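Overview (structure and organization)
Below are the chains, spelled out letter by letter.
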Amino acid sequence: MSNEKSVQLVAVGSIGIDTIETPVARRESILGGSASYACAAASFFTRVGMVGVVGTDFPKQHVDLYKHFRINLDGLETVPGETFRWTGVYEANMDNRRTICTDLNVFASFLPKLPLSYRKSPFLFLANIQPCLQLHVLGQIEKPRFVVVDTMDLWINTAKEVLLQVIQRVDMLTLNESEARHLSGEQTLLKAARVLLGLGPKYVLIKKGEHGSILFSPDGVFLMPAYPLEDVQDPTGAGDTFAGGLMGSLASGGKVSEIAIRKAMIYGSIVASFGVEAFSLDRLHTLTLDEIEARVGRFRDMMKVR
Ligand code: AMP
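All values reported here derive from a predicted model rather than from experimental measurement.

When two helices pack together, you describe them by how their axes are tilted relative to each other and by the distance separating the axes. At a minimum axis separation of 8 Å, helix 3 (residues 131-138) and helix 5 (residues 160-168) run at an interaxial angle of 30°. Here helix 3 runs over helix 5; the crossing is left-handed. Every residue of helix 5 that contacts helix 3 at Pro131, Cys132, Gln134, Leu135 and Leu138 is listed here: Val162, Leu163, Gln165 and Val166. Along the lines of polarity and charge, the residues of the contact of helix 3 with helix 5 split into seven nonpolar, two polar and no charged.

Next up, the structure:
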């Protein structure tokens, strides 16, 4: 039975310690991971539960930050060993990024177990993580209303078969434009989206970084720009923040329709625009719902024709 406190959205993904170099600065050992960004973004709109694993080295201050966002942590496991670590370096345009190092550490032997309190969650976000773990979570959730999966090149290269099994079972696939081309084998995004829709999901959402995103569905195509920013500090996690904001906003309304998804994309874009203004979750930490609504208003004005 659902009550005010029950989790409305579950997000499974990586929880990591990142070292990141952008043209603006280099930061060592900061909180990252797809689940961290997605849950923090969703928390502005709904009760979100996190599923992931950390090692015993995971700093308490990061858990305190999750609590600040009121993220439900019943699904966060701490096991002996080291937390997942990732190092990335961005080129001057902040678009191209090189992964210098990925240490799966405790993720290598993780088998996510959904707490009972998460199993009836109506919304599920399978953020970027090994596809076999995403599949494992799919097997434990009971009749979700809307499931979204995100992925990355690494899994398209190394775990394509399992990834395709996951994609077949979800309502929406989200990925960036180069990944869409890679997975579909098509160069134009329209053709790529058609191939990806053919894999099973009703919606395909292609992220284009600072150029926004495109939603493809059997009913048509919807173009969403990105909120223009003067200064970007760190684009890491922008896609996870976007998807988390989208899912949180959708879950808060409770209904799923093309229009509801389009509206939720506005919130996802705006929360992501705040996220990239600082490293890690630093900007989201101080963000308020009023600031989000004010920027949503300015964003809508920018898209008005008259
Ligand atoms: P994004 O910028 O959306 O690709 O997300 C960046 C976040 O994903 C970083 O905080 C990393 O900790 C995390 N990440 C990087 N590589 C992987 C991976 N192979 N699997 C899961 N998460 C990852």
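It is worth spelling out the environment of lysine 207 at this point. By the secondary structure assignment, lysine 207 is in strand 11 (residues 203-207). The class of lysine 207 is buried, set by a relative accessible area of 12%. Taking C-alpha positions, lysine 207 is 9.5 Å from glutamate 179, a pair spaced 28 residues apart along the chain. Those residues in contact with lysine 207 that sit more than four places away from it in its chain are Asp150, Thr174, Leu175, Asn176, Glu177, Gly212, Ser213, Gly239 and Phe242. Of note is the side chain of lysine 207, whose polar atom sits 3.1 Å from the side chain of aspartate 150.

As a further point, take the site of the ligand. In the region of the ligand, 15 residues are neighbours, and Ser14, Asp18, Gly33, Arg97 and Gly237 sit closest. In this structure, an oxygen atom belonging to the ligand sits 2.8 Å away from a side-chain N or O atom of arginine 97. In the complex, the protein chains occlude 92% of the 500 Å² of accessible area that the ligand would expose alone. Elements represented by at least two residues in the shell around the ligand include exactly strand 6 (84-90) and helix 4 (153-158).

What counts and what doesn't
Residues numbered from 1 in each chain as written. Predicted model: local features only at pLDDT ≥ 70, side-chain atom pairs only at ≥ 80, totals over all residues. Heavy atoms only, no water. Axes fitted to C-alpha atoms, helices over the stretch in contact; angles between N-to-C directions. Helix = DSSP H or I, 4+ residues; strand = E, 2+ residues; numbered from the N terminus. Left-handed = near helix turned anticlockwise from the far one by under 90°. Contact = heavy atoms within 4.5 Å. Nonpolar A, V, L, I, M, F, W, Y, C, P; charged D, E, K, R; others polar. Buried < 20%, exposed > 50% of the residue type's maximum accessible area, 1.4 Å probe, protein only. Polar contact = N/O pair within 3.5 Å; in protein donor to acceptor, adjacent residues only side chain to side chain. Near = heavy atom within 4 Å. Areas by Shrake-Rupley, 256 points an atom, 1.4 Å probe, with all protein chains shown as cover.

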